[in-house]
Amino acid sequence: MGQARATGGMAPPDTGIDDAGETDDEWIAGTFRSHVGWDLLETLVDVGDRMAGTEGERVGAEATRDALAEFARDARLEEFDLQGWVRGDSALHAGGSEHDCIALPRSPAGEATGEFVDLGYGLPEDFDADLEGKVVMTASNVPSWYHRFLHRREKYYHAVEAGAAAFVFRNHVEGCLPPTGSVGTEDAPIGEIPAVGVSKEVGSRLARRFEGEDVTVSVDCETPEATSQNVHAELGPDTDERVLVTSHVDAHDIAEGAMDNGAGTAMVLELARALAEREADLDTRVEFVCYGAEEVGLVGSTHHAGSVDPDSVKAVLNFDGVARGRDLAAYTHGWDELGEAIETVADRFDHPFDPVPEVGPHSDHWPYVVRGIPGYHVYAETGDEGRGWGHTHADTLDKVESRDLRESAILLTELAVELARSDLTIPRGEEAELVELLEEQRYVEGMKVTGDWPFDG
């Protein structure tokens, strides 16, 4: 922690930097010495359950607001309503025994018995079978040759459309780690058939021993009306246009949520600290927004994106999955200007940072991108397949390195300043261009199955 120094009998405020004494041109060294992001990350993981709409999520949001208030103005919470979901007991019975599982958030309560069918990866064509009344299982990954990632909700709603009685989601990561993850949508917050996650090991046992036999899946849960909140704060000149620097505070209830997404919110705070030192370099207002209820359908970001004039947002710099590794990458959703800004920063610091010109529709930048607002999804490259430890009990603080957080904060601070330049113009996106990208990456069918297709037709 920063140490107080005697000055006329009074200690100056904590700057958030160990061995304080930096000058305005020492922001990089200050970021390497900073502890504020890591302190907030520890605070968030120690809260416990930060599930959307819970008291723990609010405690995490309040801690984030208070931390941002040390460096930015008008730190505040903005509330919104949502459909809550509270986990009860869940069970999977086969062969006279109970097998370990956890309910997937926004699964409905209920019990279903049916013939067990292992659909492997759960590719769209795997559902072209007689699945009426059956209990289907799919893996959490896709084969290496497949052209895109398939979200669990896409697999779930293919099962619903095929008439399945229940859905079992098998982790592809070893370690007896049943996966979690929401199956609700914006229009249907609670799903249609019971859904549970099982570990790779349990899934392998089920497929080996019980294919074609009856199994029973049961889920108990509550679905109260709830309230969540977004955290806001601002820095820089009071311009009409703004750059959003974003993350989400909420996490799944079964783990600490260190990687997903405590580290993303810690990164937002590190940028606030560094940009406060560089405020004179900002040509455009920077608004920090840490959303609630991302894990249950991008609820907080959808709420905010729908409330702002798209022309008032120059770009969105969203952090989700950062600090899981040392090197950064970012989806740029087809904006050449966003890719070029990353390349400028990477060259300036001689540090890897890869722009990915594809779409990534599964985090809080997406509600803005579909409105034509240029947006990044920044994440860390790990070399792992899929989420790794994310969405499991193993998403814990020991998986995150403070060095990775600080190094990435330097690059992302520079990127935020680059985006805020008054001479950098980034055109609005056109619906036809985004539709073309989604068609090229074959997202259209899956987004229509889940109800996530953002356009008419």
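Refer to the preceding data block for the structure.
Summarised in this report is the structure supplied together with it.

Conventions and cut-offs
- Residues numbered from 1 in each chain as written.
- Predicted model: local features only at pLDDT ≥ 70, side-chain atom pairs only at ≥ 80, totals over all residues.
- Heavy atoms only, no water.
- Helix = DSSP H or I, 4+ residues; strand = E, 2+ residues; numbered from the N terminus.
- Rg over C-alpha atoms; globule rule 2.2 N^0.38 Å.
- Buried < 20%, exposed > 50% of the residue type's maximum accessible area, 1.4 Å probe, protein only.
- Contact = heavy atoms within 4.5 Å.
- Areas by Shrake-Rupley, 256 points an atom, 1.4 Å probe, with all protein chains shown as cover.
- Lys, Arg positive; Asp, Glu negative; His and termini not counted.
- Charge placed at Lys NZ, Arg CZ, Asp CG, Glu CD.
- Pairing = 2+ DSSP bridges.
- Phe/Tyr/Trp six-rings, centres within 6.5 Å; stacked < 30°, edge-to-face > 60°.
- Lys NZ or Arg CZ within 6 Å of the ring centre and 35° of its normal.

Broken down by element type, the chain carries twelve helices and 16 strands. Relative to the globule expectation of 23 Å for 457 residues, the C-alpha radius of gyration of the chain, 22 Å, shows essentially globular dimensions. Considered along the principal axes of its C-alpha atoms, the chain spans approximately 75 × 50 × 40 Å. Taking all 457 residues of the chain together, the buried fraction comes to 60%. Contacts spanning at least 24 positions in sequence make up 81% of the contacts within the chain whose residues lie at least 6 apart. A total accessible area of about 17900 Å² is found for the chain, and carbon and sulfur atoms account for 44% of it. Placing the 36 positive and 93 negative side-chain charges of the chain at their respective mean positions leaves the two points 2 Å apart.

The next point concerns the pairing of strand E5 (residues 110-118). Bridge analysis of E5 against strand E9 (residues 214-222) gives six bridges, and the strand direction is antiparallel. Bridge pairing links glutamate 115 to aspartate 214 in E9. Looking at chain direction, E5 and strand E6 (residues 135-139) are connected through three bridges and run parallel. Opposite aspartate 118, over in E6, you have methionine 137 as the bridge partner.

All right, on to the packing of aromatic side chains then. Under the definition given, this model contains seven aromatic pairs. On the numbers, 4.9 Å between centres and 85° between planes, the contact of tyrosine 156 with tyrosine 157 is edge-to-face. For tyrosine 156, a relative accessible area of 0% puts it in the buried group. On the accessibility criterion, tyrosine 157 (7% relative accessible area) is buried. Plain terms: the ring middles of tyrosine 156 and phenylalanine 167 are 5.5 Å apart, the flat faces sit at 85° to each other, and that makes the pair edge-to-face. Linking tyrosine 156 in helix H4 (residues 152-161) with phenylalanine 167 in strand E7 (residues 166-170), this pair joins segments that are eleven residues apart in sequence. Like phenylalanine 167, tyrosine 156 is buried. Ring-pair connections join several aromatic residues into one group, and the members of that group are Tyr156, Tyr157, Phe167 and Phe169. Lying over the aromatic face of tyrosine 443, arginine 148 brings its terminal NZ or CZ to 5.0 Å of the ring centre.

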